[in-house]
Amino acid sequence: MIRISEICRQYSVSHTAVRKWLYIYGSDKYKQERLIIESMSDTKTIKELRERMAELERMVGQKQIEVEFYKKMIDLAQEHYGIEIKKNFSTPPYATSGSKENNTPSV
């Protein structure tokens, strides 16, 4: 077997040029390809995980549709009944809310 360094010396070409030529015109054994061997259990696990991920993505999509539906229903109810249903966190709480001192009898 002829070494690349011998070819470079004999024809006065760079190592990179020879490698490039072999990559383009040579057989598959000179190409820089990586072969990954997985056991059947790894392949099966990866397939199951991908299926589970697709299922979860579908579920998230369905939940997002439900959330949008509920938001629209709240908006329509607010318009129809003329009352504020959504919580407004920018307003201060009522004086009696959250205080148990005034609401519970002493023991």
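Each value, and the rule that gives it
- Position numbers for residues count from 1 along each chain, tracking the sequence in the order it is written.
- Only residues with pLDDT of 70 or above have their local features reported here, since the model is predicted, and side-chain atom pairs are shown and tallied only from 80 upward, although totals for entire chains, interfaces and linings are computed over all residues.
- With hydrogens and water set aside, each side-chain value is computed from the structure's full complement of heavy atoms.
- Note on conventions: DSSP H or I runs of at least 4 residues are helices, E runs of at least 2 residues are strands, and numbering of each starts at the N terminus.
- For every residue, the accessible area (1.4 Å probe, protein chains only) is compared with the maximum for its type, and the residue is labelled buried under 20%, exposed over 50%, or partly exposed between those bounds.
- Where helices are involved, their axes are fitted lines through C-alpha atoms of the stretch in contact, as for all axes, and angles between N-to-C directions lie from 0 to 180°.
- What makes a crossing left-handed is the near helix being turned counterclockwise from the far one by less than a right angle; a clockwise turn instead makes it right-handed.
- Between two residues, a contact is recorded if the distance between any of their heavy atoms is within 4.5 Å.
- Following the grouping adopted for this structure description, the nonpolar residues are Ala, Val, Leu, Ile, Met, Phe, Trp, Tyr, Cys and Pro, the charged ones are Asp, Glu, Lys and Arg, and the polar ones are all others, Gly among them.
- The pLDDT value tells you how sure the predictor is about a given residue, anywhere from 0 up to 100.
- When a carboxyl oxygen of Asp or Glu lies within 4 Å of a side-chain nitrogen of Lys or Arg, that pair is called a salt bridge.
- Exposure above 30% relative accessible area and the absence of a salt bridge qualify a residue for a patch, where like charges join within 9 Å and nonpolar side chains (Val, Leu, Ile, Met, Phe, Trp, Tyr) within 5 Å.
- Where accessible areas are quoted, they stem from the Shrake-Rupley method and a 1.4 Å probe; at the residue level, only the protein chains shown are allowed to cover.

**Q** Got a sec to walk through the overall build of the chain? Specific residues and values, please.
**A** Counting secondary structure elements, the chain contains 4 helices and 0 strands. Counting from the amino terminus, the chain carries its helices and strands in the arrangement α-α-α-α. Here the chain, with 107 residues, has 6% of them falling under the buried criterion.

**Q** Pulling in residues and values, what's your account of the packing of helix H1 (residues 4-11) against helix H2 (residues 15-25)?
**A** Helices that pack against each other are described as a pair by the angle of their axes relative to one another and the distance between those axes. At a minimum axis separation of 9 Å, H1 and H2 run at an interaxial angle of 115 degrees. Both H1 and H2 take part in a crossing whose hand is right-handed. Seen from H1, the contacting residues are Ile-4, Ile-7 and Cys-8; seen from H2, they are His-15, Val-18, Arg-19 and Leu-22. Of the residues assigned to the contact of H1 with H2, the class counts are 5 nonpolar, 1 polar and 1 charged.

**Q** Describe the confidence of the model for the chain, listing the residues and the values that go with them.
**A** In the predicted model, the chain carries a mean pLDDT of 79, and 70% of its residues have values of at least 70. The secondary-structure element of the chain with the lowest mean pLDDT is helix H4 (residues 100-103), recorded at 54, while helix H3 (residues 40-81) shows the highest, at 93.

**Q** Would you mind going over the pattern of salt bridges in detail, with residue names and values included?
**A** Taken as a whole, this structure holds 3 salt bridges when the rule is applied. With its nearest N and O atoms 3.4 Å apart, the salt bridge here joins Glu-55 to Arg-52. You can see Glu-55 and its partner Arg-52 sitting in helix H3, 3 residues apart, about one turn around the helix. Judged by relative accessible area, which is 34%, Glu-55 ranks as partly exposed.

**Q** Could you give an account of a nonpolar patch on the surface, naming the residues involved and the relevant values?
**A** On the surface, Trp-21, Tyr-23, Ile-24 and Tyr-25 cluster together into a nonpolar patch covering about 520 Å² of accessible area. Of note, Tyr-25 is situated in helix H2.

**Q** Can you explain unusual backbone geometry? Please cite residues and give values.
**A** Phi is positive for Ser-12, which is not a glycine, with a value near 55 degrees. Assignment of secondary structure puts Ser-12 in the loop between H1 and H2.

**Q** An account of the side chain of Gln-78 is needed here, citing residue identities and associated values.
**A** Tracing the chain through its elements places Gln-78 in helix H3. When residues no more than four places from it in sequence are discounted, the contact partners of Gln-78 are Ile-83, Glu-84, Ile-85 and Lys-86.

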